[in-house]
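Structural overview for review
Letter by letter, the chains look like this.
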Amino acid sequence: MELSLQLQRPPIVVLNHTNVCFKIKSFLGSRQFTPWHTECRTINLPRRVIASAADPAPKDFISNTQEETNMQNMNTQEETNMQNVKPKINGDKEDPDMPASSTDSIEPNNIEVESKFGLEAELSTQKRKPKINGDKEDLRMPMSTESVDPNNIAIESKAPLEEESITEFYQKNKVDEVQNEQAKEDLPPVGKELDADVSNLNVVNGSAGNPNVVNGVSNLNVVNGISNLNVVNGSISKILEDVAGLEKKETTSENGATSENGASIPRDVFSEGKHIDITKADDNGAVKIGRDETNEERVKDNSLQLELEMEANLRKQEIEGLAEVNFENEDKVFVYPQIIKPDEEIEVFFNRSFSPLKDELDVLIKGSFNHWRWRSFTERLNKSNLKGDWWSCVIHVPKEAYKMDFVFFNGQNIYDNNDETDFCIPVEGGMDEFAFEDFLLEKNQRDEEQLAKEQADKERQEEEKRRIEAEKAASEMDRAQAKTETKRRRERLQQLMKNAAGSIDNIWFIEPSEFKGADTVKIHYNKSSGPLAYANELWIHGGHNNWNDGLTIAEKLVKSEEKEDGGDWWSAEVAIPCRALLLDWVFADGPPKATTIYDNNNRQDFHAIVPKGIPEEMYWNEEEQQIVKKFRKERKLREEAIRAKAEKAAEMKAHMKERTLKRFLLSQKNVVYTEPLDVQAGRTVTIFYNPANTVLNGKPEVWFRCSFNRWTHNVGILPPQRMLSADNGPHVKATVKVPMDAYMMDFVFSEREDGGIFDNKGRMDYHLPVFGGTVKEPPLHIVHIAVEMAPIAKVGGLGDVVTSLSRAVQDLNHKVDIVFPKYDCLNLNHVTDLHDQRSYSWGGTEIKVWFSIVEGLSVYFLEPLNGFFSKGCVYGCGNDAQRFGFFCHAALEFLNQDGFNPDIIHCHDWSSAPVTWLFKDHYMHYGLAKSRIIFTIHNLEFGAHFISKAMAYADKATTVSRTYSKEVAGNPAISPHLHKFHGILNGIDLDIWDPYNDKFIPISYNSENVVEGKRAAKEALQQTLGLKKSDFPLVGIITRLTHQKGIHLIKHAISRTLERDGQVVLLGSAPDPRIQNEFVNLAKQLHSSHRDRACLCLTYDEPLSHLIYAGADFILVPSIFEPCGLTQLTAMRYGSIPVVRKTGGLYDTVFDVDNDKARAEAQGLEPNGFNFDGADCGGVDYALNRAISAWYDSRDQFNSLCKRVMEQDWSWNRPALDYMELYHAAKKY
C-alpha cells in the first residue's frame, strides 16, 4: 500500500549531539553535512530520505562517537552515489542497468517511505537534466541505499507530522529541554490538515530486513524534491502506529469526524474552520484527502523562505570573501553585487581604517549618478560584522543610471573623496551616456512644458480673476451712470409734464380726456391754426416720455366733422404706448422721411399727460434697469471690438515677425543657407556654403567646423568635416545632427582640416537659431547709458533708437535697463511710478537715484544736486561736454555700487562716449569685469573727437546702417578700427507707428483696407489744413530743415509737385533762424498762389505728423546724407511710397520699382519706392516725375504698391537679432 501524507510544513531534522548540530545544504552540488554551532532546521527542503531496516538496535541509544562516524560515512557515501546517478528527464524510461553502490539493498521486503515536503526546491546543477514539459514524471530515482525490489513498501508523505514524532523517528533521542525550546522558536506553526494517499501497502511480517542500518537511519538523500525514506527494523510500524494513533485520537475527540470509508479527520481541522475533501478509494485502495489552497500557499511561503535563507547564506559567504580580498589589497571600497545593474539595490562597503575617516564616529556616503547629474543621495553607514573595519549601507540604483559617483564624509567637514577624484562605479545593462542625455533632455522638456502649463493656468486664473473684478467694477459703473442718466431724464420729463396740457383751445384736443396705456384715443388738430394750413396731407409723428424710444407713432389725419368754431379740424386714432407717462408729437405734411413742413409748437413740440399712466416710481425703477442693460450692452460691444482689434494686431505682428525671421535666415543665401531652413533640435540639417563669395574663393577644399549654443555646448566643437560638392553650382555641403538641447548652431569654414584661412564672418562667426530644443538661450543683461530717450526726452532719432532697441531686445527675453539723466524738463506723462530709491555721493556732490517704468522699460534716473540737469533743456547749455562727462562717470559708479555687473554696457554718440574710456580706466578691473562695451555712432557730424576716442576703447562699435558704415569708413576716427565696426540698420517701433491703432487718424487700417484708410486720412488732412478736397497726388515732407536734409531739393520738389497738379504738405522747423525765415516767406508765397494745394507747417506737431503719414501718397526724403533715416520707414508702415536720395540708410531700405528688383531680391524683398542719385534738381525730378506718373497712370498698380510696402517689416525685429549677434561676439573677447 502507498500512503501519501500532505505536509503543511516540513519536518525538523535534528541529529542530537552534545556539541554539534548538522545542517542540510541542498543548494550545493552534492549532499553535504556542514557543522554549525547552533541547532538548525530545514524548511520546505525537498529531499528523498532512504532508511533500511536491518539491525534492531536500541532506538534510544547510540554513542556520540558512533553517531559522528556514521554521519561522516553517510556523507562520503552520498557524494559517491550522486556521481553515479544518471539524471532522468520526464518521459525517459528507467535504466535497469544503472550501477548502484555496494551499499544498495535488494531486499524484497524493504519498506520505502517517500516524502515530499512543500514545493520542489531548485536542484543542484551537477548531473541534473531539467524536466521538459510533456515528459513523464520520474517517480523514482534510485540512490545508493535505495531498494529497487518491487515488493518494497513505499509511503509517500505529503502531510505535516508532529514535531515530536518526526524527531523521535530520526533520532530516537530527546534533545534537552533548552535545545528543544530554541528549535521550536525557529519553527513555523505546525499544520493540522491531513491529506493521505494510501495505496499498495504490503507488509511482510511487519518488517523488512536491511543489514546496513546505522542508528535506525540508513541514508538521507534529496533528489528532485522527493524524499525517500526506507525505514527498517520496526521503524515503519512506528510510523503506522503514529498514524493510527492520530486517527484514533481524532476519532475519539469531542469534535472529531470520520470519513465515509473510515478515515479519521483531525479535530483541529474542524476547530480551525478548514475543509477536507474525502474521496472513495480507487481501484488500488488509495484514499485521497484534499486540502484548501491556504495551506498550499503556506507551503509555498515556507519554500520561498528557505530559498531566501539559502541565498542570504551564499551572499554572506561571497561578501566575506570580497571583504577579505579587498582588505588584503588595502582597497577601501567594494560593492555587492560586484556588477551593478540599474533599478536594483546594492550594498556599499567602506573600510574606515584605510581612510581619513578612520578616527571618526560617523561615516556617511554622499553621492549621485551619471557624473553627479542625477538622483543625489546621502546615507549613513553602519558597522558591519565583517573582519576588518568595514562599514556598509544599501543604495538603490535608479533605472536611468550608467555611473555611480560618491564620496564619504563624517557628516561635517572631513571627506574621503578618493584623492580629489571621487569614487565612481559603472552601472551595466542600462542606459549609456548618450541615452541618458536624451532622456534628461526629454525630461527637462516635459518639466518645462509642465511648468509652462502650470504658469499658463495660473496666468489664466489670475486673468479670469482680474476679468471678474473688472466686470464687477464696470457693472458698478454702469449702474452709477444709469442712476445719473435716470435722474437727468426724470428731471427733464417732470419739467415737460409740468408744462403739459390736456388740450389747447382751437389747436388740438384728445378724446376721451381720460385714458391709459394701451388705450386708443383720437387726437384732433385744427389745420388752420398753424403752418400746415395749406398742406395737402396731414400726419402726426409721435413718441412718448420725451421721445425716449424715438418715433413710435406715425398716423395720417383725416377730415373731421365741422365744428361750431368753424376751424378746419382733422383727426387720427392713436394707440397709447403701455409705459407712457407723457405723449410727445408734432404735425407734418407727410409721412416720416417725406416731410417738408412741420408744426412743432414753435420748436417745443406738443405734449399731453397720460392721466391714468403707470405709477411714476415704478416706471423710473424699470427705466433705470433698462438703462443699465443698455449701458452694459454698449460696453460689451466696445470691449469686444477692442479685444478683437488687439487680437488682430497681435496676429499681424506675429505674422510679420515670422516673415522677418525667414528673411533673416535667407539673408545670407548667397553665402550660406540650410535645408531645412528652420533648424530643428534633434534632427539632421544640411549646411550649404558658397565659397565663391567669401575669402575661401578658389580654395581646393573647404572644411566645416560646428558646435552649438554659442560654442558652449557640452559636446564641444565637432570634428572638422570636409564639405562635399553640392548639386547647385559652386556650393558645397555638410550634414550635422542637432542635439535636443541646442538653441543655436555655430559654425565657421576653413581651407584645411588643421585651419589655415578662416571664413568666420568678420570675427562674428555664423550663427543660426535652433527651434524646438529643450533648452532656452540664457538671457543677457544689457544696460544703456544715454542722454536721449523717447518719449520723455527726445531731440532726434537717438531717443527713438534707445527706446525701441531696448524694447525689441527685451522682447527676446533679455534683461534691459536704462541709466538716464533726470532732466527738469522730462515729459512725465509717459513715466510710471516714479520714486526715489537711494542716494550716493560721487564727484563732490550727492546724487539721487530715481526709478520708473517708461514704455515698459526699467529706467534709473540720476539727479546730481549740483544742478547739471536743471537747465530746462537737453542740449545747448554751453557746458554740455562737462555735464555729460559727469553723467557718464556717475552712471558707471552707480552700476558698480549697486552690483549690476551687466553683460553689455551700450553707449550712444558723443554724449555718452566717455563711458568707453572711463570703464576701461576705472571699472573694468574693479567690479565690472564681466561687462563689455558697445558704442553706437548715430551721426558722425557731432563730437568727432569724442567719437574717435570711444572707437579706440570700445569692444565693438556700430553705426545705424550698412551703407553709412561704408561711407564713413575713411574717416580718421573710424578707419583704424574697421575690424570691430559694423553697420546695423535702425528700425521703427510698431506700437508707436501703427495705422491699425492710431488715435490721430480717422479710421484704422492695415494692408487689407489700405485704400479706404488712406482715402479717409487724405480727406481729413485736406480738411484740417484747408486744402481742396479733391483726388490729387499728395506729397508729404516731414523733416528738420537743415542743409543735411537737402533743403534746396525740398524747395524744388514743392514747385515740381505743384506743376504736376499735385498737393504738397510740409511739417518741420529749422534750428537755424535764417533757414526758418526762408521757409516762412515761402509759406506766405504758396498761401497766396496755391492755398488750396500747398501748406507749410513750420513747427513740430506729433498728431499732424501721423495724419500726414497716413494721408499722403508719397513721402519725400532728399537728404544729402542720412545715417539711417526713420521717416521713409514710417512712411511705408502707413502705406505711403518713399521718394528718396540714394545715401546711407535710405539706400539700404528703399528699392526703386524700376531699377532695383535684383537688389531687393537679394535682401528677400520686393521694390518699394523711387530713388535718385544726384544732389541736384534733375535727380529730384527723375524720381518725383516717375512717382506722380505711376499714381496717375495705373491706380490699381499704385494701390498694390501701397499694400506691398505696408507688409514689409521695418521694425526692430531684424535689427534686434543683429544686435544680439554683436553682443555675443563682444562677450567672446
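All figures in this text were calculated on a predicted structure; none of them were measured in a lab.

Calculation criteria
- Residues numbered from 1 in each chain as written.
- Predicted model: local features only at pLDDT ≥ 70, side-chain atom pairs only at ≥ 80, totals over all residues.
- Heavy atoms only, no water.
- Helix = DSSP H or I, 4+ residues; strand = E, 2+ residues; numbered from the N terminus.
- Buried < 20%, exposed > 50% of the residue type's maximum accessible area, 1.4 Å probe, protein only.
- Contact = heavy atoms within 4.5 Å.
- Areas by Shrake-Rupley, 256 points an atom, 1.4 Å probe, with all protein chains shown as cover.
- Pairing = 2+ DSSP bridges.
- Core = buried A, V, L, I, M, F, W, Y, C linked by side-chain atoms within 4.5 Å.
- Axes fitted to C-alpha atoms, helices over the stretch in contact; angles between N-to-C directions.
- Parallel < 35°, antiparallel > 145°, perpendicular 65-115°, else oblique.
- Left-handed = near helix turned anticlockwise from the far one by under 90°.
- Nonpolar A, V, L, I, M, F, W, Y, C, P; charged D, E, K, R; others polar.
- pLDDT = per-residue confidence, 0-100.
- Salt bridge = Lys/Arg side-chain N within 4 Å of Asp/Glu carboxyl O.

What follows deals with the overall build of the protein. The number of helices and strands found in the protein is 24 helices and 55 strands. Counting all 1229 residues of the protein, 51% fall into the buried class. Relative to all contacts within the protein whose residues are 6 or more apart in sequence, the contacts with residues 24 or more apart total 71%. For the protein, the computed accessible surface area is about 59100 Å², with 49% contributed by carbon and sulfur atoms.

Turning to the pairing of strand β45 (residues 857-864), a few remarks are in order. Judged by how many residues are buried, β45 sits mostly within the fold: seven of eight residues are covered. The sheet contact formed by strand β42 (residues 815-821) and β45 spans five bridges and is parallel. From the neighbouring strand, Asp817 faces β45, where its bridge partner is Ser858. Judged from the eight bridges that link them, strand β44 (residues 845-854) and β45 form a sheet pairing that is antiparallel.

Formed by 77 residues in total, the largest nonpolar core has its most connected members in Leu1041, Ile1054, Leu1066, Phe1079, Leu1096 and Phe1114. Sequence-distant contacts of Leu1041, that is, excluding residues within four places in its chain, are made with Ile1047, Ile1050, Leu1066, Gly1068, Ser1069, Ala1070, Pro1071, Ile1075, Phe1079 and Leu1098. Listed in part, the 62 residues of the second largest apolar core include Ile818, Tyr823, Tyr923 and Leu940.

Across the interface, helix α8 (residues 616-666) lies against helix α24 (residues 1213-1227) with an axial gap of 9 Å and an inter-helix angle of 45°. In terms of orientation, α8 and α24 fall into the oblique class. Relative to α24, α8 is oriented so that their crossing is right-handed. When α8 is examined against α24, the residues Lys657, Thr660, Leu661, Arg663 and Phe664 are found in contact with a partner set consisting of Asn1213, Arg1214, Leu1217 and Asp1218. Tallied by class, residues from the contact of α8 with α24 come to three nonpolar, two polar and four charged.

Residues with a pLDDT of 70 or more make up 76% of the protein, whose mean pLDDT is 81. Here residues 1-291 scores under 50 on pLDDT; set against residues more than four positions off or in separate chains, the count is 569 contacts.

Overall, mixed pairing links the nine strands, which are arranged β43-β44-β45-β42-β41-β46-β47-β48-β49 in an open sheet. The open sheet has two edge strands with one neighbour each: β43 (831-842) and β49 (981-983). Each strand of the sheet is rotated relative to its neighbour by a mean of 25°, with strand direction disregarded. Both strand β41 (residues 781-785) and strand β46 (residues 904-908) contribute to a ladder of four bridges, which runs parallel. Along β46, the bridge assignment pairs Ile782 with Ile904.

The next point concerns the sheet that holds strand β13 (residues 344-351). Taken in spatial order, the four strands line up as β12-β13-β17-β16 in an open sheet, and their pairing is antiparallel. Either end of the sheet is taken by a strand with one partner, and the two such strands are β12 (333-336) and β16 (382-383). Of the pairings in the sheet, the one linking β16 to strand β17 (residues 390-397) comprises two bridges and is antiparallel in character. Paired with Asn382 across the bridge in β17 is Ser392.

Moving on to the pattern of salt bridges. When the charged atoms of two side chains lie near each other, side chains of opposite charge can form a pair. Inspection of the entire model under this criterion finds 62 salt bridges. Close ionic contact of Glu617 with Arg490 constitutes a salt bridge, the shortest N to O distance being 2.4 Å. Remark: Arg490 occurs in helix α7 (residues 433-499) and Glu617 occurs in helix α8; sequence separation between them is 127 residues. Classification of Glu617 as partly exposed rests on a relative accessible area of 46%. Look at Arg490 and you get partly exposed, because its relative accessible area is 21%. One salt-bridge network, held together by shared partners, links Glu485, Arg488, Arg489, Arg579, Glu622 and Glu623.

Take helix α12 (residues 914-923) next. Burial of α12 is extensive: eight of the ten residues sit out of reach of the surface. For α12, the set of buried residues is Pro914, Val915, Thr916, Trp917, Leu918, Phe919, Lys920 and Tyr923.

Right, let's get into the packing of helix α16 (residues 1047-1059) against helix α17 (residues 1073-1089). Where α16 contacts α17, the axes come no closer than 12 Å and their chain directions differ by 5°. Taken together, the axis directions place α16 and α17 in an arrangement best described as roughly parallel. Across from Ile1047, Ile1050, Lys1051, Ile1054 and Leu1058 in α16, the residues of α17 making contact are Ile1075, Glu1078, Phe1079, Leu1082 and Leu1086. Class assignment for the residues of the contact of α16 with α17 results in eight nonpolar, no polar and two charged.

Residues Glu675 and Pro676 are joined by a peptide bond in cis, for which omega reads 0°. Among the structural elements, Pro676 can be located in the loop between β31 (672-675) and β32 (679-680). Cis geometry marks the peptide bond from Ala790 to Pro791, where omega comes out at 0°. Of note in this structure, Asn601 is not a glycine but carries a positive phi near 60°. With respect to the element layout, Asn601 can be found in the loop between β29 (598-599) and β30 (606-609). Backbone geometry places Asp1061, a non-glycine residue, at a positive phi of 60°. Note that Asp1061 resides in the loop between α16 and β51 (1063-1067).

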